[in-house]
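The chain contents come next:
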Amino acid sequence: MWDNHLLYIVFLGQIFVISFYFPKKILGLINTSMQQHPRDVYPKLYPLDEEVIKAKLKIFNVYNSLVVSVGLAILAVSIINNSDDLAGWDDQAVLLCFLMFQYFPMLYLGAQGFDYLKLMREHNKNEHRIADLQPRKLFDFISKPFLSAAAFSYGFCVVTVLYFVQYPFDGFAGLVNILGVSILYAGLGFGIYIKLYGKKYNPLQTSEDRSIETTIVIKLLILSAICSSFYLAISLILASMDMRDLGNIIYSLYLQAFIFYVYQVMKFDQVDYSVYKT
Amino acid sequence: MKISVNIEHSNPLFTQLIEQIKKAVLNNDIAAGDALPSIRQLANDLDINHKTVAKAYRLLERDGVIQTKGYRGTFIHQNAKENSTINLNEWVLSELDKTLTSFRELGITESEMRIAFNSLINSRHN
């Protein structure tokens, strides 16, 4: 029973952190940025009318409100029915499906940001293009111990899976787990490569700002690789001890901690806004 | 050290890149052995075609200003400073001028020279 209550509390936390706290903070950062850097002084920051931007942010807000409502409804149904599982289904499936649902507003905001930068590039009439004549290298942005931690966590996960191949438990998927974590690492590695050597999406961004942004994104990608492989190893260990429910709780807590960390590293106050002036 | 190109300038982009890298070498802004960005990085940062940067790098390597060391990357050549002062295009022009003058003295017409030059170029292509 206690683990049911713990799951409800953690699920409530997941709803609050990912669909209320984080979006509210993001909107706060964007609104503060717009207030401190008005269109008449920083026209290049606004390839769109302020009203259009506000309307898009409102849609983001509505999407999140909808997600919160669905999440609270799932929680209410579970509590009213005194169900062992969330909404009477498999906890893990509900948590995963709901997480995907929670990502939709983020994807919407990401797509809008992509379009915004595309418009900035189209409006950029500057015929001079500047670049650094130094190569960017991975270790300019992250430390070797941090990357070693990612390699270690991958190794730990692989060793854990290999152990359970020898001593399997009910529901163990086998070597597919290694394939899954390897695909994840390959994807994150590709993301790092694109961030290091890929196209510059904001045509006005200074080298310093780009360097700060690259550092943040690469750190987050490596951190998510570390978290994912450790989570997989921990969930296998818990599943082998017949403690799958605790794995779901840890999974949700992991995500919430990650979102908190993302917000901590997302800062707009260091950005050089002078490039957006007339 | 920054590099810039003017996309509206009459000089081709690869020429602008070559000139600026040579200038940076002559001004000691970059030294022998210094690493240069990869073709992909520079092309993406300048938002220009990869082939343009590749062409500039290829011509700089031919001129002995840079050298490519396989997967390790591209570096400034040890003799880059001396080699940056040599302008192969000017040398080609002066050599052609001398040859054309000697042909003219022998009474060869301009159209005969053009036909001969084109057939030579075409035969090398084939």
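Chemist: Before we go on, may I ask you to explain the state of the cysteines in this structure?
Modeler: In a disulfide, the sulfur atoms of two cysteines are held together by a covalent bond. All names here are of chain A. Considering all chains together, one arrives at zero disulfides over all chains under this definition. With no disulfide of its own, C227 lies closest to C157 among cysteine sulfurs, the gap being 13 Å. Assessed through its relative accessible area of 21%, C227 is described here as partly exposed.

Chemist: Got a minute to help me understand the sheet that holds strand β3 (residues 66-68) of chain B in this structure?
Modeler: Residue and element names in this part refer to chain B. Strand order in the open sheet formed by three strands is β2-β4-β3, with antiparallel pairing between adjacent strands. Across the chains shown, the open sheet's two edge strands, defined by having one partner strand only, are β2 (35-36) and β3. Relative to strand β4 (residues 74-76), β3 runs antiparallel, the two being bridged by three bridges. In the strand pairing of β4, I66 is matched with I76.

Chemist: I'm lost on the interface of chain B and chain A in this one. Help?
Modeler: Across the contact, 22 residues belong to chain B and 17 residues belong to chain A. Between chain B and chain A, the buried area comes to about 2,000 Å², and carbon and sulfur atoms account for 50% of it. Per-residue buried area on chain B facing chain A is highest for B:K2, B:Q41 and B:D45; these three make up 29% of the total on that side. One can count three salt bridges joining chain B with chain A. Between chain B and chain A we count 14 residue pairs in polar contact (both at pLDDT 80 or more) in total. If you list the elements that add at least two residues to the side of chain B that touches chain A, you get β1 (2-6), β2 and α2 (39-46) of chain B. In terms of residue count, the dominant contributor to the side of chain B that touches chain A is α2(B) (six residues).

Chemist: What's the story with the domain arrangement of chain B in this structure? I'm lost.
Modeler: Accessible area lost upon the coming together of the parts serves often as the stated size of an interface. Entries for chain B in the domain assignment read domain 1 (13-83) and domain 2 (88-125). Spacing between the C-alpha centres of domain 1 of chain B and domain 2 of chain B amounts to 31 Å.

Chemist: Please explain the pattern of salt bridges as it appears in this structure.
Modeler: A pair can form between side chains of opposite charge whenever their charged atoms are brought close. All told, the structure shown has nine salt bridges over all chains when counted by the stated rule. With a shortest N-O distance of 3.5 Å, A:D49 and A:R39 are connected by a salt bridge. Of this pair, A:D49 sits in the loop between α1 (2-36) and α2 (50-80) while A:R39 sits in the loop between α1 and α2, and the two are 10 residues apart along the sequence. Overall, the relative accessible area of 29% leaves A:R39 in the partly exposed class. Residues B:K22 and B:D63 are paired through a salt bridge, measuring 3.1 Å at the closest nitrogen-oxygen approach. Taken together, the residues span a long stretch of sequence, with B:K22 in helix α1 (residues 13-26) and B:D63 in the loop between α3 (50-62) and β3 at a distance of 41 residues. Comparing B:K22 with B:D63 shows no difference in burial state: the two are buried. Three or more residues are tied together by salt bridges with common partners; here these are A:R136, A:R210 and B:D45.

Chemist: Hey, could you run me through unusual backbone geometry in this one?
Modeler: Residues and elements named next belong to chain B. Despite not being glycine, N28 shows a phi value in the positive range, around 60°. Position of N28 relative to the elements: it lies in the loop between α1 and β2. If you check the backbone angles, D47 has positive phi at about 55° while not being a glycine. As for its position among the elements, D47 is in the loop between α2 and α3.

Chemist: I would appreciate a short explanation of the packing of helix α5 (residues 176-197) of chain A against helix α6 (residues 207-240) of chain A in the present structure.
Modeler: Residues and elements named next belong to chain A. Where α5 contacts α6, the axes come no closer than 10 Å and their chain directions differ by 175°. Accordingly, the angle class assigned to the pair α5 and α6 is roughly antiparallel. The residue inventory of the contact of α5 with α6, partitioned by class, reads 14 nonpolar, six polar and three charged.

Chemist: How should I be thinking about a nonpolar patch on the surface in this particular structure?
Modeler: Residue and element names in this part refer to chain B. Judged by side-chain polarity, W91, V92, L96, F117 and I121 come together as a nonpolar surface patch covering roughly 460 Å² of accessible area. Of all the secondary structure elements, the ones that give two or more residues to the nonpolar patch are α5 (88-105) and α6 (110-125). Among the elements that take part in the nonpolar patch, α5 stands out by supplying three residues, more than any other. The topology assignment puts F117 in helix α6. In this structure F117 comes out as partly exposed when scored by relative accessible area, which is 45%.

The rules we used
- Counting starts from 1 at the beginning of each chain's written sequence and moves along it residue by residue.
- In the order they appear in the text, chains get letters beginning with A and ligands get numbers beginning with 1.
- Per-residue local features of the predicted model are confined to residues with pLDDT of at least 70, and side-chain atom pairs are confined, for both listing and counting, to 80 or more; whole-chain, interface and lining totals are unaffected and use all residues.
- With hydrogens and water stripped out, all remaining heavy atoms of the structure feed into the side-chain values.
- Disulfide assignment relies on a single distance test, namely cysteine sulfur atoms paired within 2.5 Å.
- Remark: exposure states derive from per-residue accessible area (1.4 Å probe, protein chains only) relative to the maximum for the residue type, with buried under 20%, exposed over 50%, and partly exposed in between.
- If DSSP finds at least two bridges between two strands, the strands pair.
- For helices the rule is a DSSP run of H or I covering at least 4 residues; for strands it is a run of E covering at least 2, with both sets numbered from the N terminus onward.
- Residue contacts follow a heavy-atom distance rule, with two residues in contact if any of their heavy atoms lie within 4.5 Å.
- Here's the idea: put two parts together, see how much 1.4 Å probe accessible area each one loses, and the total over both is what we call buried area.
- We define a salt bridge as a side-chain nitrogen of Lys or Arg found within 4 Å of a carboxyl oxygen belonging to Asp or Glu.
- Two N or O atoms form a polar contact when they lie within 3.5 Å of each other; inside protein one atom must be a possible hydrogen donor and the other a possible acceptor, and for residues adjacent in sequence the pair counts only when both atoms belong to side chains.
- Each domain's extent was defined by an automatic or database domain assignment.
- Every axis in this analysis is a line fitted to C-alpha atoms, fitted for helices over the stretch in contact. Angles between the N-to-C directions lie between 0 and 180 degrees.
- Oblique is the label for every angle not falling under 35 degrees (roughly parallel), over 145 degrees (roughly antiparallel), or within 65 to 115 degrees (roughly perpendicular).
- Gly is placed with the polar residues, together with every amino acid not listed as nonpolar (Ala, Val, Leu, Ile, Met, Phe, Trp, Tyr, Cys and Pro) or charged (Asp, Glu, Lys and Arg).
- Only residues whose relative accessible area exceeds 30% and that form no salt bridge enter a patch; like-charged residues are grouped when within 9 Å of one another, and nonpolar side chains (Val, Leu, Ile, Met, Phe, Trp, Tyr) when within 5 Å.
- Using a 1.4 Å probe, accessible areas were evaluated by the Shrake-Rupley method; residue-level cover was limited to the displayed protein chains.

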